[in-house]
Amino acid sequence: MSSGFFYTEEQTPNLRYSCKINKTLHTETTPFQELAMIDTVQWGRMLVLDNMVMTTIKDEFVYHEMISHVALNTHPNPKKVMIIGGGDGGAIREAVKHDKVEKAVLCEIDGRVIETSKEYLPEIASALFGHPKVEILVADGVKHIEENEGEYDVIMVDSTEPVGPAEGLFAADFYKAVYRALKPDGIMVAQTESPFVNAELISRVYKDIKGIFPITKLYLASIPTYPSGLWSFTIASKVYDPEAVDVSTIPERDTKYYTPALHKAVFSLPKFVQDLLK
Ligand code: AAT
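Each value, and the rule that gives it
Residues numbered from 1 in each chain as written. Predicted model: local features only at pLDDT ≥ 70, side-chain atom pairs only at ≥ 80, totals over all residues. Heavy atoms only, no water. Near = heavy atom within 4 Å. Polar contact = N/O pair within 3.5 Å; in protein donor to acceptor, adjacent residues only side chain to side chain. Areas by Shrake-Rupley, 256 points an atom, 1.4 Å probe, with all protein chains shown as cover. Helix = DSSP H or I, 4+ residues; strand = E, 2+ residues; numbered from the N terminus. Buried < 20%, exposed > 50% of the residue type's maximum accessible area, 1.4 Å probe, protein only. Pairing = 2+ DSSP bridges. Core = buried A, V, L, I, M, F, W, Y, C linked by side-chain atoms within 4.5 Å. Contact = heavy atoms within 4.5 Å.

## Let's talk about the site of the ligand
Link 1 in the chain: Taken together, 27 residues are adjacent to the ligand, and Gln 33, His 64, Asp 88, Glu 108 and Gly 141 come closest.
Link 2 in the chain: Interatomic distance of 2.9 Å between a side-chain N/O atom of Gln 33 and an oxygen atom of the ligand.
Link 3 in the chain: Between the ligand and Asp 88, the relevant distance is 2.6 Å, taken from a nitrogen atom to a side-chain nitrogen or oxygen of the residue.
Link 4 in the chain: Contact with the protein chains covers 100% of the free accessible surface of the ligand, which is 670 Å².
Link 5 in the chain: Contributions of two or more residues to the shell around the ligand are made by β6 (52-56), α1 (60-74) and β8 (103-108).

## A word on the pairing of strand β4 (residues 34-40)
Successive residues of a regular strand alternate their side chains across the two faces of the sheet.
Link 1 in the chain: Taking burial as the measure, the seven residues of β4 include five buried ones, the bulk of the element.
Link 2 in the chain: Inspection of the sheet shows strand β3 (residues 15-29) paired to β4 by seven bridges, in the antiparallel sense. Counterpart to Glu 28 in the pairing with β4 is Leu 35.
Link 3 in the chain: Here β3 folds back onto β4 in antiparallel fashion, the turn holding four residues.
Link 4 in the chain: Relative to strand β5 (residues 44-49), β4 runs antiparallel, the two sharing six bridges. Looking at the pairing, Thr 40 lines up with Gly 44 of β5.
Link 5 in the chain: Remark: three residues form the turn of the hairpin made by β4 and β5, two consecutive strands paired antiparallel.

## A few points about the nonpolar core
Link 1 in the chain: Within the largest apolar cluster, 39 residues are counted, with the highest numbers of intra-cluster contacts made by Met 156, Tyr 219 and Phe 233.
Link 2 in the chain: Of all the secondary-structure elements, those providing two or more residues to this core are α1, β7 (80-85), α2 (90-95), β8, β10 (152-158), β11 (182-191), β12 (215-222) and β13 (230-237).
Link 3 in the chain: Per element, the largest residue contribution to this core is eight residues, and it comes from α1.
Link 4 in the chain: Excluding anything up to four places from it in sequence, Met 156 contacts Ile 67, Ser 68, Leu 72, Val 81, Met 82, Ile 83, Ile 84, Ala 91, Ala 95 and Val 189.
Link 5 in the chain: In terms of nonpolar packing, the next biggest core, distinct from the first, is built from 26 residues, Val 157, Val 205, Ile 212 and Phe 213 among them.

## Topic: the environment of Thr 56
Link 1 in the chain: Its place among the elements puts Thr 56 in strand β6.
Link 2 in the chain: Separated by 169 residues in sequence, Thr 56 and Thr 225 have C-alpha atoms that sit 7.8 Å apart.
Link 3 in the chain: If we ignore the near neighbours within four places in the chain, the residues touching Thr 56 are Trp 43, Arg 45, Met 46, Ile 124 and Thr 225.
Link 4 in the chain: Reaching out from Thr 56, the side chain makes a polar contact with the side chain of Asp 59 at a distance of 2.7 Å.

## So, the environment of Leu 49
Link 1 in the chain: With respect to the helices, strands and loops of the structure, Leu 49 is situated in strand β5.
Link 2 in the chain: Taking the C-alpha atoms as reference points, Leu 49 and Pro 195, separated by 146 residues in sequence, lie 21 Å from one another.
Link 3 in the chain: Look past the residues within four positions of Leu 49 in its chain and what remains in contact with it is Gln 33, Glu 34, Leu 35, Met 54, Val 113 and Thr 160.

Here is the structure:
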């Protein structure tokens, strides 16, 4: 919903978020969702899907670095990586920074997200312009994961909220299929919403994933344009413990949020978040 000079999002029936607009650059109805590109004063250009902020130029680094580098620095040899969703290209841009990543496959259901991100968010979509390590599939991530077994070292679930096309990406059966699609020492990471706004979802998803993978952990990052500003990621691993990584061996990379010290620190959770995982 945009009224007057502000973009306003109804984050929950009790919570609205507004930001001042310079210009609405593009709107369309894709076969999957309502898509908008809005230039905002505070956050620069913003991708909005179904009236929810997906990413913005000014704060995208937090989400994209944190969904990718924790898993990729935990796996000793992440050769083949899958990103489900993530059509803006931010997560795959981070993935290809790793020398050991030989191939990064993006499986995005909505080709229009990819095309409009290349047009309006080229800084985020930089790896989508013919990068040699990148393969792009326009397909349903649930189906792709079900059809591939033992294929990937790391799978990142960079999905929209659990409504519409992304509903299946939060289901226990999907996590079982992710387990099968991973190699015997594979790692998955998923964006799992806000501990303030989506507490029940976090508890349920964590329990489901913990029932499937031997190692399951949750970590947090501060993302100002998402509901409540505090965001969670759930990481699950067959062999390597993300908290046990010797962070002194992590090579220096071009990041703005992630650091090796932070990699350790993010697993120290506030008490109310620990309580969601019991
Ligand atoms: N990189 C941050 C942006 C996103 S967008 C998530 C993407 O997931 C969208 O482009 C959407 O089209 C895609 N998607 C949804 N369902 C599927 C599916 N079944 N298969 C493949 N792709 C899918 C994430 C924002 C996170 C949180 C926002 N509050």
